[in-house]
Amino acid sequence: MRRTRLVFAPHDAQAPPTYLLLNEFGEPVGRGEQPVHAEVPAAPTGVVLVVPGVEVTARWVNLPARGEPQARAAAALLLEDAQALDDGEAPHLALGPLEADGHRLVVTTSPSRMQAWLDLAKLYSLTPDAVVPDCLLLPEPEGEAPVAARFGPTLAVRGRRLAFASEPETASLVLGDRQPELVEGEALEKLLGRGAVEPAIDLRQGAFAPADGSRVTARDLRVAAILAGLLVLSPALLDAAEAVRLNLAANGLQAQARREAAAVLPKGTALNDPMAQVAAQADRAELAAGGGPAGLAAQLFRALSEIDQAQVESLIVSPDGAMRAQISHVNYSDGDLLAQTLKRNGIAFREEGVREEGGRIVSDVILGVRP
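As a starting point, this report considers the structure included with it. Each chain carries its own residue numbering, running from 1 in the written order of its sequence. In keeping with the predicted nature of the model, local features appear solely for residues at pLDDT of at least 70, side-chain atom pairs appear and are counted solely at 80 or more, and the whole-chain, interface and lining totals rest on all residues. Excluded from the side-chain calculations are hydrogens and water; all other atoms, namely the structure's heavy atoms, are used.

We now examine the side chain of Thr4. Put simply, DSSP marks the helices as runs of H or I at least four residues long and the strands as runs of E at least two long, and each gets a number from the N terminus on. Mapped onto the secondary structure, Thr4 falls in strand 1 (residues 3–8). To sort residues, take the accessible area from a 1.4 Å probe on protein chains only and compare it with the maximum for the residue type: under 20% means buried, over 50% means exposed, and anything in between is partly exposed. Given the relative accessible area of 17%, Thr4 is considered buried. Residues in contact with Thr4, not counting those within four places in the same chain, are Leu20, Leu21, Leu22, Thr45, Gly46, Val48 and Ala196. Only heavy atoms enter the contact rule, under which two residues are in contact if any of them lie within 4.5 Å.

Structure follows, in structure tokens:
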């Protein structure tokens, strides 16, 4: 086991950060103002950068049985209306672990604020092992009553699927009749020690994830996206990271991709560069009018790439240009996610029926026809 140094980013940019040093058992053994040049620790020490919870928004969202890329895409879509920032900046998003009932903690904050916190750590010669909002460093209480702690001018509150920080008066309005247990002094330090053992979330995700020496190029992502669509979303291929690591070099995938490309492209088209040809075909099929069969198929595959374990069972093009599809998936909520994605991209969508077959859910849908 190793020691942990909790470094608290100040609410006031002019103030220095403070620290709380915990021993191997999570017990406080030191505290004070963080020195500009961190001393060499006497024992292995992890660093947790604790940032003001008032600068983040925490929500619990139902994201069952999804891989990490699909979960991030689904969370961004579900929170799209609620996560716009005042300066128009796209928010930074971090996910907590999957819970037993399919919910995941989703935390959003400003990317510029996140960068400022990391720059602060660098200024003090620190490399954080985790970046955690103060309200989420408080462990979830075992009982019904939430717990609260003061961090600077704000009150951090933690309850069952509840975490926020605000001015005390605002916290009272949010909590209503639920009076939190205020934890202070040594009891708070011990509580933070418990929370530091396994933080609820680490904000170092996405663009701020620690570099691991591997970089995914734009071409890798482009190839992975096209093959995922052409191969009708085989569940074994939905892990894009694995596909990139293998460099998409398996001959079987290439052969199947050519066959699927031939089915999407106009009859008699010579296959010189299937991926580029399918992409060009999709681009030509402008989506404002439904995009024609090729455009509708391309958009359907792209939307399904955000849904874990979903696949197309059949595609039928009607004489009026509409497309009927049978789609099998795992969760009933996947149908709503598919509808939101397609409608957002200008594709008319209607669900005609839903049933269970062989332990999976099968939806009959129509694309390109106004409901």
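Now, onward.
This part is about the packing of aromatic side chains. Two aromatic rings, drawn from Phe, Tyr or Trp (for Trp, its six-membered ring), form a pair once their centres lie within 6.5 Å of each other, and the interplanar angle then sorts them: stacked below 30 degrees, edge-to-face above 60, tilted otherwise. Under the criterion given, the structure shown has one aromatic pair. We call a charge positioned over a ring when the NZ of a Lys or the CZ of an Arg lies within 6 Å of the ring centre and within 35 degrees of the ring normal. Residue placement shows Arg5 over the ring face of Tyr19; its charged tip is 4.3 Å from the ring centre.

Counting buried residues along strand 7 (residues 103–109), six of its seven residues qualify, which places the element largely inside the surrounding structure. Bridging between strand 5 (residues 56–62) and strand 7 involves seven bridges; their strand directions are antiparallel. When the bridges of strand 7 are listed, Arg59 appears paired with Val106. Across five bridges, the pairing between strand 6 (residues 92–98) and strand 7 is antiparallel. Bridge assignment links Ala94 to a residue of strand 7, and that residue is Val107. At least two DSSP bridges between two strands are required for those strands to pair. Between strand 6 and strand 7, which pair antiparallel and follow one another directly, the connecting turn spans four residues, one of which, Gly102, has a positive phi of 95°.

A few words on unusual backbone geometry. Comment: phi is negative for the bulk of residues other than glycine, and the bulk of peptide bonds are trans. Notably, Arg161 is not glycine yet its phi reads approximately 50°, a positive angle. The topology assignment puts Arg161 in the loop between strand 10 (154–159) and strand 11 (162–166). For Arg161, a relative accessible area of 24% corresponds to the partly exposed category. Positive phi values are uncommon outside glycine, yet Gln309 reaches one of about 65°. On the secondary structure map, Gln309 appears in the loop between helix 10 (292–304) and strand 13 (311–317).

Burial of strand 14 (residues 323–329) is extensive: five of the seven residues sit out of reach of the surface. Two elements, strand 13 and strand 14, share six bridges in a ladder whose sense is antiparallel. Bridge pairing in strand 14 places Ile316 opposite Arg324. As defined by bridge partners, strand 14 adjoins strand 16 (residues 360–367) across seven bridges and the pair is classed as antiparallel. Bridge pairing in strand 16 links His329 to Ile361.

Pairing is mixed across the open sheet formed by four strands, whose spatial order is 11-10-9-12. Two strands close off the open sheet at either side, each with one partner strand: strand 11 and strand 12 (181–182). Bridge analysis of strand 9 (residues 147–151) against strand 10 gives five bridges, and the strand direction is antiparallel. Looking at strand 10, one finds that Ala148 is bridged to Val157.

Hydrogen bonding along the main chain pairs the strands of a sheet, whether they run parallel or antiparallel. The antiparallel open sheet is built from four strands, whose spatial order is 13-14-16-15. With partners counted over all chains shown, the strands left at the sheet margins are strand 13 and strand 15 (349–357), one partner each. Neighbour to neighbour, the strand axes of the sheet diverge by 15° on average, direction disregarded. Only C-alpha atoms enter the line fits that serve as axes; for helices the fit covers just the stretch in contact. Angles between N-to-C directions range over 0 to 180 degrees.

With that out of the way, let us pick up the pattern of salt bridges. One side-chain nitrogen of Lys or Arg within 4 Å of one carboxyl oxygen of Asp or Glu is enough to make a salt bridge. Applying the stated criterion to the full structure yields 13 salt bridges. The residue Arg350 makes a salt bridge to Glu352 at a minimum N-O spacing of 3.8 Å. Take Arg350: its relative accessible area is 30%, and that puts it in the partly exposed class. For Glu352, a relative accessible area of 47% puts it in the partly exposed group. Taken together, the shared-partner salt bridges connect Glu99, Asp101 and Arg161 into one network.

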